[in-house]
Amino acid sequence: MDYFFIGTSLLKIAGLLGFVLLLMNYAVYAERRVSALMQDRLGPNRVGFAGLLQPLADAGKFLLKEQFTPGQVNTFYYFLAPCLAMIPAVITISVIPFGSTLFGVPMVIADINVGILFVFAIASLGVYGIVLAGWASNSKYPFLGGVRSSSQMISYELSLALAVIPIFMLVGNLRLTSVVRYQIDHGWLIAPFIGDWTNLGKWLLAIPMFISFVVFLIAILAETNRLPFDLPEAEQELAGGYHTEYASMKFGLFFLGEYIAMIAGSAIIVTLFLGGWHFPGIPDGSHGWLFGLINITVFFTKVCALIFLFMWVRWTLPRFRWDQLMRLGWLFFFEIALVNILLVAIILMFIR
Amino acid sequence: MAITVPRPNLNWRERLYLPAIASGLVITLKHFKNMIFGRTKVTMEYPEEKWDPNLPDYYRGAPALVRDTDGRVRCVACQLCEFICPPRAIKIIPGEIPQTDRFAKVEKFPDAFDIDMIRCIYCGMCEEVCPEQAIFLRKDYAITGFTREDMVHHKDKLLEIGGVMHGVVLKWNQRK
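From a predicted model like this one, the values you see are computed outputs, not experimental measurements.

Student: Report on the interface of chain B and chain A, specifying residues and quantitative values.
Tutor: Between chain B and chain A, the contact holds 12 residues from the first and nine residues from the second. For the side of chain B that touches chain A, the class distribution of residues is seven nonpolar, five polar and no charged.

Student: How would you sum up the nonpolar core? Please name residues and give values.
Tutor: General note: in soluble globular proteins, nonpolar side chains tend to be found buried as a group. Core analysis: the biggest nonpolar cluster contains 96 residues, and Ala 219, Ile 260 and Ile 263 of chain A have the highest contact counts within it. Looking at this core, the element that brings in the most residues is helix 10 (residues 248-273) of chain A, giving 15 residues. If we skip the residues at most four places from it in the chain, Ile 263 of chain A touches Val 20, Leu 23, Met 24, Ala 27, Val 303 and Ile 307 of chain A. Listed in part, the 24 residues of the second largest apolar core include Ala 64, Leu 65, Ala 89 and Ile 90 of chain B.

Student: Can you tell me about the domain arrangement of chain B, naming the residues and giving the values?
Tutor: Taken domain by domain, chain B holds domain 1 (11-42) and domain 2 (52-162). Relative to domain 2 of chain B, the C-alpha centre of domain 1 of chain B lies at a distance of 54 Å.

Student: Could you give an account of the confidence of the model for chain B, with specific residues and numbers?
Tutor: On average, chain B scores 84 in pLDDT, and the residues at 70 or more come to 94%. For this predicted complex, the interface score ipTM comes out at 0.76, alongside a pTM of 0.80.

Student: Account for the packing of helix 8 (residues 200-223) of chain A against helix 12 (residues 322-351) of chain A, with residues named and values stated.
Tutor: All names here are of chain A. As a packed pair, helix 8 and helix 12 sit with axes 10 Å apart at the nearest point and diverge in direction by 160°. By the criterion of interaxial angle, the relationship of helix 8 to helix 12 is roughly antiparallel. Crossing handedness for the pair helix 8 and helix 12: left-handed. Touching Gly 201, Leu 204, Leu 205, Pro 208, Ile 211, Ser 212, Val 215, Ile 218 and Ala 219 of helix 8 are Phe 333, Ile 336, Ala 337, Asn 340, Leu 343, Val 344, Ile 347 and Ile 351, all from helix 12.

Student: Run through unusual backbone geometry, naming residues and quoting values.
Tutor: Its identity as a non-glycine residue notwithstanding, Ala 50 of chain A has a phi of 55°, on the positive side. Within the secondary structure, Ala 50 of chain A sits in the loop between helix 1 (3-38) and helix 2 (54-64). Of note in the backbone geometry, Glu 107 of chain B takes a positive phi value of approximately 75° without being a glycine. Within the secondary structure, Glu 107 of chain B sits in the loop between strand 2 (90-96) and strand 3 (108-116). Glu 107 of chain B gets classed as partly exposed once you count the C-beta atoms within 10 Å, which come to 15.

Student: So what's going on with the sheet that holds strand 5 (residues 152-153) of chain B? Which residues, and what values?
Tutor: Residue and element names in this part refer to chain B. Judged by pairing direction, the sheet is antiparallel, and its three strands sit side by side in the order 2-3-5 without closing on themselves. Where the open sheet ends on each side, the last strands, each with one partner, are strand 2 and strand 5. Note: strand 3 against strand 5, two bridges, orientation antiparallel. Within strand 5, the residue paired with Ile 115 across the bridge is His 153. Packed on one face of the sheet, helix 5 (residues 155-162) meets strand 3 and strand 5 and runs near 85° to strand 3.

Student: Describe the environment of Met 38 of chain A, listing the residues and the values that go with them.
Tutor: Within the secondary structure layout, Met 38 of chain A lies in helix 1. Using a count of 22 C-beta atoms within 10 Å as the deciding quantity, one classes Met 38 of chain A as buried. Separated by 274 residues in the primary sequence, Met 38 of chain A and Trp 312 of chain A have C-alpha atoms spaced 8.2 Å apart. Not counting residues up to four positions away in its chain, the partners in contact with Met 38 of chain A are Trp 315 of chain A together with Thr 28, His 31 and Phe 32 of chain B.

Student: Which residues make up the packing of helix 5 (residues 126-136) of chain A against helix 6 (residues 140-171) of chain A, and what are the values?
Tutor: All names here are of chain A. With their axes 7 Å apart at the nearest point, helix 5 and helix 6 run at an angle of 155° to one another. Accordingly, the angle class assigned to the pair helix 5 and helix 6 is roughly antiparallel. Crossing of helix 5 over helix 6 shows left-handed handedness. Of the residues in helix 6, those touching helix 5 at Val 127, Ile 130, Val 131, Ala 133, Gly 134 and Trp 135 are Pro 142, Phe 143, Gly 145, Gly 146, Val 147, Ser 149, Ser 150 and Met 153. For the contact of helix 5 with helix 6, the class distribution of residues is nine nonpolar, five polar and no charged.

So, how was this worked out
- Per chain, the residues get numbers from 1 upward, laid out in the order the sequence is written.
- Labels are handed out in written order, letters beginning with A for the chains and numbers beginning with 1 for the ligands.
- A pLDDT threshold of at least 70 governs which residues receive local features in this predicted model, and a stricter bar of 80 or more applies before side-chain atom pairs are shown or counted, although totals over entire chains, interfaces and linings include all residues.
- The contact criterion used is a C-beta to C-beta distance within 7 Å, with each C-beta placed from the backbone.
- In the scheme used here, Gly and all other residues not listed as nonpolar or charged are polar, with Ala, Val, Leu, Ile, Met, Phe, Trp, Tyr, Cys and Pro taken as nonpolar and Asp, Glu, Lys and Arg as charged.
- Note on definitions: a nonpolar core is a set of buried residues drawn from Ala, Val, Leu, Ile, Met, Phe, Trp, Tyr and Cys, linked by C-beta atoms within 7 Å.
- Partly exposed residues are those falling between the two cut-offs: more than 12 but fewer than 20 other C-beta atoms within 10 Å of their own, whereas 20 or more means buried and 12 or fewer means exposed, with C-beta atoms placed from the backbone.
- What counts as a helix is a DSSP run of H or I of at least four residues, what counts as a strand is a run of E of at least two, and both are numbered from the N terminus.
- Reported domain spans reflect what an automatic or database domain assignment gives.
- What pLDDT reports is the predictor's confidence in each residue, on a scale of 0 through 100.
- Note on geometry: axes are lines fitted to C-alpha atoms, helical ones only across the stretch in contact, with angles between N-to-C directions running from 0 to 180 degrees.
- Orientation labels follow simple angle bins: below 35 degrees gives roughly parallel, above 145 gives roughly antiparallel, 65 to 115 gives roughly perpendicular, and whatever is left gives oblique.
- Handedness of each helix crossing follows the sense of rotation of the near helix against the far helix: counterclockwise by less than a right angle gives left-handed, clockwise gives right-handed.
- By definition, two strands form a pair when at least two bridges between them are found by DSSP.

Have a look at this one:
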């Protein structure tokens, strides 16, 4: 047994989980503040300085509320669903390289060679939480929310998976750390001006990569049920959707699961398209622990920027109609992603 | 008869939606930026900032009893306000003024005058109906209390809110 490996892994798990949960709490707070500011309101600004202790107050409220279970629910699945909504999102983060190295320890919990496949496999389990919640609630609106969610997530998973294929055609490896390594050597995938910017092939490749990025971003929005695609929990249509029948911490788990999924989605986008923990001019952790810490900071700064983008989009766009959503998923993004693969293949044929 | 809703013919740029989405994002970002730099000032943060100096004279806050310039309670306990009050928030127990008193002509005074502020709907009908101009809606609006009993304004509290009112209609005025 390699005790060093086990010990550092446990430390990394504890640290990352704690940090992600913290980030999630503050993502909820940020969502409320950002939405408020975009609508010329103020948002929560009373608890602590500028409302920074609001997440604590929210958690206290969730924990102290009555654990009410409606009479007609399928109890086992009713209790299982919130856990299933939360856990897959947390597990996804385990394969993402969130930093270079710190004291020689690689800053990724599980550097597995099927990286992105693992992410897709686990992330798609998230749909079970929502579908089970909709089904077990034994109520009309949650049921509609669950049905909508299942079809939406399955539809957008196609474009999600197809959009990343060009990257792996380029990198030749499913391991997420090697994707980051490739971007350090050749510049970020959607930013050809980083690194060796005179290379024409790189600029040419950036076009399909940008298309991939947009498709992937939109598909992630749909996967995490964020606003232009939040039909499963459309408040105005479904009275809250799949979590209508949930209260207190069970509702809290759905709510937080959604935000963790958002953080995980942003982390995947950052890893695949935005260079992971790399920032031009900053060396990796082998040059000292300070640089290792800076790499981690850079990664989470990028993640936060993407989360802000998600919020920005949410408070700008209206919700799609159901048929528009399906049309968009099946007739546009699916085709665009397919053609994009072809495009990358042709470009690669010429420049290699 | 079915109505055909005309659908606008979108050109390719509009059908792409992306320019519209981008301009929408710019609008929200502008609002966000203006709020961050404090250029938009819409919200008044209530307990710290108040609008009290700007309240108009006709503002309908808590009802209150007033004294006249002689220091006498204007109310003559006619109980019209008690009668008119839509939510029946007012309760008056009249008392008799003895014949020997200087104001014996007035006959009655309110021995107890309670307004239940949980019931009061600030409609101002008591002020409208009062023949003596003895009850007025003042500008106090933050009426709080820990119990239901706390929320009942008794006579002394009402007089405290009301203060002194200068006016002309006085039944007990010497000249009348």
